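# Descriptive structure summary
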Amino acid sequence: MTKKLFIKTWGCQMNLYDSVRMADVLAPLGYTCVETAEDADLVVLNTCHIREKASEKLFSELGRLRALKDARKARGGGMILAVAGCVAQAEGAEILRRAPFVDAVLGPQSYHRLPEMVARAVRGGGGVLETDLVAEEKFDALPEESSTSGPSAFLTVQEGCDKFCTFCVVPYTRGAEFSRPPADVLREARGLARRGVHEITLLGQNVNAYHAEGAKSTGGGAFGLGDLIRMVAGIEGIERLRYTTSHPRDMDDGLLAAHAEVPELMPFVHLPVQSGSDRVLAAMNRRYSVADYLRAVGRLRAARPGIALSGDFIVGFPGETDADFQDTLDLVREAGYAQAYSFKYSPRPGTPAWALEDQVPDAVKSARLQALQDLLSKQQRAFNAAAVGRTMPVLLEGRGRHPGQLTGRSPYMQAVSLAAEAHRCGDIVDVLIVEALPNSLAGRLTEAPAAVA
Ligand code: 5AD
Ligand code: SF4
């Protein structure tokens, strides 16, 4: 008998990947995914704790689900409710206390235990909590095949973080840095290729810290992300590779060489800097200077001319002055971004920066965020405008908003829409870019060969 599973996902790509994998571990129990919680037998909320209001969002969603669960019960049915992800990891006991109708709470390293937790919930007996932080066990317990669909997929190769930036919850919610063995990654990537995937994004909280214990790089050093990229690029059918998120300290020679030599590796890199002030970077425990960051960007651009840069920024970190913020704007002008994410600093309980004096008033944070986003969006518009008149290879991923329209991605992660037949989804086609819109490009199919700068 098939049962209905609804998973709601907040947060980063790693959570999206985890949600797909949770669906995989539940499939043998007869669960298939549905689009709404209304008539689901099992609802999983996969939560994110990185910025503010995570638990409020969760509890308001749980309130809504409780009503659905009660209505199901009144009709003689049942609904199992599970909370997963980083809020579950950080606040598991509190969730069971405030929402005793929740059946299972599981942290990011425990979702392979879902079937067992669901079975326990079906038998009854109150909410269960699993918040161990051992990543290895999870990956060992995953089924081989992934149920991902579409030509582009995520593959988690590294989890956790040992960097302890003073604002960040990740080292506490995802645990210590862990890299999956290359053979496991290869097996999963081959499985994706067999399912028609042409583009893989290798994921990790600190993906360029990837290292394989005991394995040697062809160059003789330790086996790192550059080696992994070469390995996955060799799989028949895999035509595009990306990776995210990177730390500026871990941009090593092997990865730079991969950018220079592996044509499948797309000319786009997400390299968060967070701030353009050395003083703030030190207080954040980022362990690089602005000059180090710009050097890393320069090396990337030398390795792969035309590479597009993306970043993350935090404004209003405790003690950030106007002068510090001006330094951030200067850095943006100097580095030049194709796109970026920027956030107001949000104090996360339990992190070192949470307890710092000198918190910046919200109005100041808002004004700085506005100024930064104005500059970043100006750069993004200029980057997109420069694409007009160029021909680029576009991986077609799905239907667009209008009939007969498909959307895809340029090598530089820009969304591109064009008129094309639906059966061409999954193809990489040459597209002449004819218009730059605020957040995307419009183009048309062309016979002229594409050139990637
Ligand atoms: N406040 C604001 N932004 C944060 N980020 C992480 N923690 C915080 C926080 N406490 C941002 C960083 C990171 C991105 C994923 O989220 O910019 O790179
Ligand atoms: Fe968080 Fe990234 Fe810093 Fe790790 S490197 S602590 S994940 S911001």
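Residues numbered from 1 in each chain as written. Chains lettered and ligands numbered in written order. Predicted model: local features only at pLDDT ≥ 70, side-chain atom pairs only at ≥ 80, totals over all residues. Heavy atoms only, no water.

### Points about the domain arrangement of the chain
Put simply, the rule is: As used throughout, domain bounds are those supplied by an automatic or database domain assignment. When two parts are put together, the accessible area they lose, computed with a 1.4 Å probe and summed over both, is reported as buried area. For this document, the term salt bridge refers to a Lys or Arg side-chain nitrogen within 4 Å of an Asp or Glu carboxyl oxygen. Each polar contact in these results corresponds to two N or O atoms within 3.5 Å; when the atoms are within protein, one needs to be able to donate a hydrogen and the other to accept it, and residues that are neighboring in sequence are counted only if both atoms are side-chain atoms. Helix and strand labels come from DSSP, where a helix needs a run of H or I of at least four residues and a strand needs a run of E of at least two; each type is numbered from the N terminus.
Domain assignment breaks the chain into domain 1 (3-133), domain 2 (137-385) and domain 3 (391-445). For domain 1 and domain 2, the distance between their C-alpha centres works out to 28 Å. Between domain 1 and domain 2, roughly 2500 Å² of surface is buried when both sides are summed, and carbon and sulfur atoms account for 58% of that area. Broken down residue by residue, the surface that domain 1 buries against domain 2 is led by Met14, Tyr17 and Arg21, which jointly contribute 28%. There are 2 salt bridges connecting domain 1 and domain 2. For the salt bridge of Arg174 with Asp18, the shortest nitrogen-to-oxygen distance reads 3.0 Å. Across the domain 1-domain 2 interface, the total number found is 9 residue pairs in polar contact (both at pLDDT 80 or more). When residues of the side of domain 1 that touches domain 2 are traced back to their parent elements, those giving at least two are α1 (13-26) and α3 (86-98).

### Observations regarding the site of ligand 1
Stated precisely, the cut-off is as follows: Whether a residue is near a molecule or strand is decided by its heavy atoms; if any one of them lies within 4 Å of it, the residue is near. All accessibility values rest on the Shrake-Rupley procedure with a 1.4 Å probe; residue burial counts only the protein chains present in the view. Asp, Glu, Lys and Arg are counted as charged, while Ala, Val, Leu, Ile, Met, Phe, Trp, Tyr, Cys and Pro are counted as nonpolar; the rest, among them Gly, fall into the polar class.
Residues in close proximity to ligand 1 include Ile50, Arg51, Phe167, Gln274, Asp312, Ile314, Phe343, Lys344, Tyr345, Ser346 and Arg348, which together make up its full environment. Take Phe167: an N or O atom from its main chain is 3.0 Å from a nitrogen atom of ligand 1. A distance of 2.8 Å separates a nitrogen atom of ligand 1 from a polar atom in the backbone of Ser346. Relative to its unbound accessible surface of 400 Å², ligand 1 loses 88% to contact with the protein. Among the elements of the structure, β15 (308-315) and β16 (339-344) are those that each provide at least two residues to the shell around ligand 1. Partitioning the shell around ligand 1 into residue classes produces 5 nonpolar, 2 polar and 4 charged.

### Section: the site of ligand 2
The full set of residues close to ligand 2 is Cys161, Lys163, Phe164, Cys165, Phe167, Cys168, Val170, Pro171, His247 and Arg286. For the shell around ligand 2, a count of residues per class yields 7 nonpolar, 1 polar and 2 charged.

### Observations concerning the environment of Ala212
Short version of the rule: Any pair of residues with heavy atoms lying within 4.5 Å of one another is described as a contacting pair.
Topologically, Ala212 is positioned in strand β11 (residues 211-216). Spatially, the C-alpha atoms of Ala212 and Asp227 are 9.6 Å apart, while their sequence positions differ by 15 residues. Once you skip the residues sitting within four places of it in the chain, Ala212 turns out to touch Pro182 and Phe223.

### Quick word on unusual backbone geometry
Quick reminder of the rule: Classification of residues uses two cut-offs on accessible area relative to the type maximum, computed with a 1.4 Å probe and protein chains only: under 20% is buried, over 50% is exposed, and between them is partly exposed.
A cis geometry characterises the amide bond from Thr244 onward to Thr245, with omega recorded as 0°. Assignment of secondary structure puts Thr245 in the loop between β13 (240-244) and α9 (253-261). Even without being a glycine, Phe164 presents a positive backbone phi close to 55°. By the secondary structure assignment, Phe164 is in the loop between β8 (158-159) and α6 (170-173). Classification of Phe164 as partly exposed rests on a relative accessible area of 37%. For Asn285, which is not a glycine, the phi torsion comes out positive at approximately 60°. Residue position: Asn285 is located in the loop between α10 (278-283) and α11 (290-303).

### Observations regarding the state of the cysteines
The condition is simple: Disulfides are defined as cysteine sulfur pairs within 2.5 Å.
In the structure shown here, the tally under the stated rule is 0 disulfides. We note that Cys33 lacks a disulfide partner, and the nearest cysteine sulfur, in Cys12, lies 18 Å from it.

### Topic: the packing of helix α12 (residues 322-335) against helix α13 (residues 362-385)
Our working rule: To obtain an axis, a line is fitted to C-alpha atoms, over the contacting stretch when the element is a helix, and the angle between two such axes runs from 0 to 180 degrees between their N-to-C directions. What sets the label is the angle itself: under 35 degrees gives roughly parallel, over 145 gives roughly antiparallel, 65 to 115 gives roughly perpendicular, and the rest give oblique.
Running from N to C, α12 and α13 point in directions that differ by 10°, and their axes come no closer than 10 Å. Of the possible angle classes, the one that applies to α12 and α13 is roughly parallel. The residues of α13 that touch α12, namely those facing Asp322, Phe325, Thr328, Leu329, Val332 and Arg333, are Arg368, Ala371, Leu372, Leu375, Leu376 and Gln379. A class-by-class count of the residues in the contact of α12 with α13 yields 7 nonpolar, 2 polar and 3 charged.

### Looking at empty space enclosed by the protein
Under the convention used in this document: Here a cavity means grid points, on a 1 Å grid over the protein atoms only, where a 1.4 Å probe fits yet cannot get out; a pocket means an open set of points with protein on both sides within 12 Å along at least five of seven lines; lining residues are those with an atom within 4 Å of a point. Grid points are joined across faces, edges and corners, and a volume is the space filled by probe spheres set on the points.
Scanning all chains against the criterion turns up 1 cavity of 30 Å³ or more. Roughly 30 Å³ of volume is contained in the largest cavity. Lining of the largest cavity is provided by Asp18, Met22, Asn46, Ala84, Gly85, Gly107, Pro108 and Tyr111. Among the elements of the structure, α1 and β4 (80-85) are those that each provide at least two residues to the lining of the largest cavity. Partitioning the lining of the largest cavity into residue classes produces 4 nonpolar, 3 polar and 1 charged.

### So, the sheet that holds strand β21 (residues 440-445)
Applied cut-off: Pairing between strands is defined by DSSP: at least two bridges between them are needed.
Taken together, the 5 strands give a closed barrel; going around it, the order is β17-β18-β19-β21-β20, and neighbouring strands pair in mixed fashion. Each strand of the sheet is rotated relative to its neighbour by a mean of 55°, with strand direction disregarded. Note that strand β18 (residues 405-409) and strand β19 (residues 415-419) share 5 bridges and pair antiparallel. The residue of β19 that forms the bridge with Gln405 is Ala419.

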